[in-house]
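Each chain, written out:
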Amino acid sequence: MKNVVVSNWSLVLAFALVLVSVAISAKEKLGLTKDILVSVARAIVQLIIIGFILKFIFHVNALWLTLASTLIIIFNASWNAYERNPNPHRKLIDSIVAEAIGTYVTLGLLIISEVIKPIPMQVIPITGMIAGNEMVAVGLCYKALNNSFHDLREPVLERLALGSDIKMASMPILRRSIKTAMQPTIDSAKTVGLVNLPGMMSGLIFAGVNPVYAIKYQIMITFMLLSATGLGAVISGYLAYKNYFNKQMQLRD
Amino acid sequence: MAIIELQQVGYRVKDKQILQKISFSVEKNDFLTLVGPSGIGKSTILKLAANLISPTEGKILYLKQNITQLDPIKYRRAVSYCFQQPALFGKTVKDNLIFPYQIRKKPVNQSHLTDLLEQVDLPANFLNKEITALSGGEKQRVALIRNLIFLPKVLLLDEVTTGLDEQSKCIVHQLIKAIYEQGVTIIQVTHDQSEINSATNIIQIQKDGIKK
């Protein structure tokens, strides 16, 4: 643990890194100085609060509190994914269902296979990782759906005019959107270890764990993210495409 | 008996009135031609009749029933709309022609497809042709037979011969005539003078209504 202790003085010195961004913004007249300072202030306050909350939850070590924490993480991820959906007829429930199923199925499999223990110290960080990556995938799926329904409007109308149901009429768009949503995770899995040493693995190595053991966790994370983003993208895609049609199965403008 | 009936049908998008209130009916096995200046709403009438959009005023009846009360999928299979500039999908002609079978969950009848291709003067091996390699006339013919694999009750033709060469136009005319003779009701929109001259039942769409 000695390896991972950061002193307050070191943290203050590290703040110089923020000043680099501020200096770039000022010199290049990007107008981002205020944004950078606000985001840093938010990050510090949010992390301090969450640090104390996690300390309390880990100390109490109660199942209901762990479950409540995962629900809050899932709701926040769902809200953010929902906000990224450009469709004016979007529904929050689509994001909640996709996030909840994707997260709990993946988490459940990890617990059943005894990769992680059902204790808050393991469940909460893993839930955050799953829900966060799923949130990005779901958001990408929504954006791809919106772009595709705009670009491929005519073929969808043709299929409807031939007497297709909305699912068959949207199938090429749905496949394209799910693929777009999953692609970053697949690409990341291809380059893991070659280009980047991901957070989980780096954290364990920092904490002094043998890198050979650390990679086992990273392999688990890779499997977990493929499952979570796949589930999130498929579920959100299959729910959200319906919002582009009205009750008469007409493609909305 | 009227197969399609428009009763005081109007269509508005936000503040823009696309179609003024119009009423007319089409009898079974009728061949109706809609004419009028560009932008008057002729294509809108066909899209409304195909239930691809809904009227903002009035109602449309199919065999005396309001089409909003009918299953849109079944209705669109009975009242089939053919686009002015058809968008073919997939990679090949076959992808387009097997689609009507796929949506009905029926096995593909290869000989029926080759018969239809023959009727529009296209060879049987055309099925494997990539859609990017088709001319405008070939695309329109493929799109038309895509609507006719399962014969509809009403065929809505939205300027389907616009931009076609004389040979393609002639082939399309022959096919439409053959379909009409099989009892299909046809409503077409056209600007083509030869089609208007040969039409027997014409409705002129005007700013203030219609003129028969």
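Please read all numbers here as calculations on a predicted model, not as lab measurements.

**Looking at empty space enclosed by the protein**
A water-sized probe rolled over the atoms picks out the places where empty space is left. In total, this model carries one cavity of 30 Å³ or more according to the counting rule given. Ala 161 and Leu 162 of chain A together with Arg 76, Arg 77, Ser 80, Pro 100, Arg 104, Arg 146, Asn 147, Ile 149 and Phe 150 of chain B are the residues that line the largest cavity. The set of elements that each furnish at least two residues to the lining of the largest cavity consists of helix 2 (72-78), helix 4 (99-104) and helix 6 (136-148) of chain B. Taken together, the residues of the lining of the largest cavity sort by class into five nonpolar, two polar and four charged.

**Some words on the interface of chain A and chain B**
When the parts come together, some accessible area is lost, and that loss is often what is quoted as the size of the interface. Each partner contributes residues to the interface: chain A has 15 residues there, and chain B has 23 residues. Of all residues in chain A, Glu 158, Leu 162 and Gln 248 of chain A give up the largest surface area on contact with chain B, accounting jointly for 35% of the area buried on that side. Connecting chain A to chain B are one salt bridge. A salt bridge links Glu 158 of chain A to Arg 146 of chain B; the nearest nitrogen and oxygen atoms lie 2.5 Å apart. Each residue belonging to the side of chain A that touches chain B can be placed in one class, and the counts come to seven nonpolar, four polar and four charged.

**Let's talk about the confidence of the model for chain B**
Overall, the predicted model of chain B reaches an average pLDDT of 92, with 100% of residues at or above 70. No element of chain B has a lower mean pLDDT than strand 10 (residues 209-211) of chain B, at 71, and none a higher one than helix 2 of chain B, at 97.

**Details of the domain arrangement of chain A**
All names here are of chain A. Taken domain by domain, chain A comprises domain 1 (1-60) and domain 2 (62-244). Between domain 1 and domain 2, the C-alpha centre-to-centre distance is 27 Å. Counting from both sides, the interface comprises eight residues of domain 1 and, opposite them, nine residues of domain 2. Carbon and sulfur atoms supply 77% of the area that domain 1 and domain 2 bury against each other, a total of about 730 Å² over both sides. Remark: the boundary between domain 1 and domain 2 carries one residue pair in polar contact (both at pLDDT 80 or more). Looking at the side of domain 1 that touches domain 2 residue by residue, the classes come out as seven nonpolar, one polar and no charged.

Calculation rules
Residues numbered from 1 in each chain as written. Chains lettered and ligands numbered in written order. Predicted model: local features only at pLDDT ≥ 70, side-chain atom pairs only at ≥ 80, totals over all residues. Heavy atoms only, no water. 1 Å grid on protein atoms, 1.4 Å probe; cavity = no way out; pocket = protein on both sides within 12 Å on 5 of 7 lines; lining within 4 Å. Points joined across faces, edges and corners; volume = space filled by probe spheres on them. Helix = DSSP H or I, 4+ residues; strand = E, 2+ residues; numbered from the N terminus. Nonpolar A, V, L, I, M, F, W, Y, C, P; charged D, E, K, R; others polar. Contact = heavy atoms within 4.5 Å. Buried area = accessible area lost by both parts, 1.4 Å probe. Salt bridge = Lys/Arg side-chain N within 4 Å of Asp/Glu carboxyl O. pLDDT = per-residue confidence, 0-100. Domains from an automatic or database assignment. Polar contact = N/O pair within 3.5 Å; in protein donor to acceptor, adjacent residues only side chain to side chain.

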